[in-house]
Amino acid sequence: MPTRKRGDLPCANHPGLAPQVEAASCVTRCISSGPGKGASLIKLVGVNKHFGPHHVLKDINLEVPMGQKLVVIGPSGGGKSTLIRCINMLERPNSGHVVVDGVDLMAHRAPVAKIRQSVSMVFQQFNLYPHKTVLENITLAPIVVQGLPREKATESALTYLDRVGLRDKADQYPAQLSGGQQQRVAIARALNMHPKVMLFDEPTSALDPEMIQEVLDVIIGLANTGITMIVVTHEMGFAKEAADRVIFLDDGNIIEDGTPEHFFENPSQDRTKLFLSKILR
C-alpha cells in the first residue's frame, strides 16, 4: 500500500481515494459534487503561508463539516488568526487549496467576492462605521453588496439585534455603546449577511473582563442554531461548552485535533499538555 506523504489527508467525502492522489483529486471531486449532507463545507489541503522568511502555516490539512463548531486554540503567534483569514482570502496562501462551499478559492478567477458573502467574519476590533447608527451599520452590506431592498434588510437587522439583545440601541452610534455592545452589534452585522459560515477571530480579546461573558453568551446561543462556526479564542470555558471539536495550533502546525473532552482531559501530545498546564491553573 502506498506510503502517505506529509500533507496528504484522507478526504471524509471520498475515503476510497488512494493516498497519493488525494491531495489533488479529492479537491476536484469535492468541487464537482459540492457539499452535501455531512460533507465538508470547508476544506484546506496542503495550505502554506509565509510572511517574508516567516513560515506561518505549514502544510495545513483541515476539513470542517457543515454545522460543526470548531474552536482553534494555541499560543500567540502560532498562526490561528492567519488560518481563518486564509479561509475567506483576507490572506492568500502561498500554496495549497482552500475549498469553501465547493469552490476552490485558490483557482484562477475564483469568485472570491461571491463566496465571502456566505462567510462572515467577526474581528478582534469591532470595525463599525463610527458615523453610522447601529442599524445603518448592520444594513449597509446587505443593501450595497447583496442588493437587498432596504425594508427587508432593516427587518432582518432588527431580528438579529433582538437576538443579541440590542434592539433598543438601533438608532445609537458606536461611540455611545460599550465595547461588549459594539462587538454584539458586529455579530448582528455578520449574521445579517445570512452566512453559511461564521468566523470569529478572538472576539473577546479587546474587551474588558466584565464584558467578555455577554459576548460569549451570544456566540454560545448562535452555536445552538446549527450554523457552521470557526472560533479562535483563548477562552477555555467557552471551548468546553460550545465546541464540537478543538484543534491546537502551534508554530504553524495542527498539533492536536479532537473533541473538547479529548483535548482538555486526555490530550495526546506533550506540547498540548504543556500549554494546558500553563493555562488551566
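Note that the coordinates shown come from a computational prediction; the quantities given were computed from them, not determined experimentally.

About the criteria used
Residues numbered from 1 in each chain as written. Predicted model: local features only at pLDDT ≥ 70, side-chain atom pairs only at ≥ 80, totals over all residues. Heavy atoms only, no water. Core = buried A, V, L, I, M, F, W, Y, C linked by side-chain atoms within 4.5 Å. Buried < 20%, exposed > 50% of the residue type's maximum accessible area, 1.4 Å probe, protein only. Helix = DSSP H or I, 4+ residues; strand = E, 2+ residues; numbered from the N terminus. Contact = heavy atoms within 4.5 Å. Phe/Tyr/Trp six-rings, centres within 6.5 Å; stacked < 30°, edge-to-face > 60°. Lys NZ or Arg CZ within 6 Å of the ring centre and 35° of its normal. Pairing = 2+ DSSP bridges.

Undergrad: Now, about the nonpolar core: what can you tell me, with residues and values included?
TA: Nonpolar side chains tend toward joint burial in soluble globular proteins. In terms of nonpolar packing, the biggest core is built from 47 residues, with Ile73, Ile187, Met198, Phe200 and Met229 touching the most fellow members. Of the residues forming this core, the biggest block, nine residues, is contributed by helix H7 (residues 209–223). Once you skip the residues sitting within four places of it in the chain, Ile73 turns out to touch Lys80, Thr233, Met236, Ala239, Val246, Ile247, Phe248, Leu249, Phe263, Phe264 and Phe275. Core analysis: the next-biggest nonpolar cluster, separate from the first, contains 31 residues, Leu44, Ile60, Leu62 and Ile84 among them.

Undergrad: Tell me what's going on with the packing of aromatic side chains, and back it up with residues and numbers.
TA: Tallied over the entire structure, the rule returns three aromatic pairs. For the pair Phe248 and Phe263, a centre-to-centre distance of 6.3 Å together with 45° between the ring planes defines the contact as tilted. Here Phe248, found in strand E9 (residues 245–250), pairs with Phe263, found in helix H9 (residues 260–265); they are 15 residues apart in sequence, far enough to count as distant. Taken individually, Phe248 and Phe263 each receive the classification buried, so the pair is uniform in this respect. In textbook terms, an aromatic cluster arises when at least three aromatic residues are bridged by ring pairs, as seen for Phe248, Phe263, Phe264 and Phe275. Sitting above the plane of the Phe264 ring, Lys240 keeps its charged end 5.1 Å from the centroid.

Undergrad: Could you give an account of the pairing of strand E3 (residues 69–73), with specific residues and numbers?
TA: Counting buried positions along E3 yields five of five residues, so the element is predominantly enclosed. On E3, burial covers both faces: Lys69, Val71 and Ile73 on one face and Leu70 and Val72 on the other are all buried. When E3 meets strand E8 (residues 228–232), the two strands line up parallel, connected through four bridges. In the strand pairing of E8, Val71 is matched with Val231. Bridge analysis of E3 against E9 gives four bridges, and the strand direction is parallel. Opposite Leu70, over in E9, you have Arg245 as the bridge partner.

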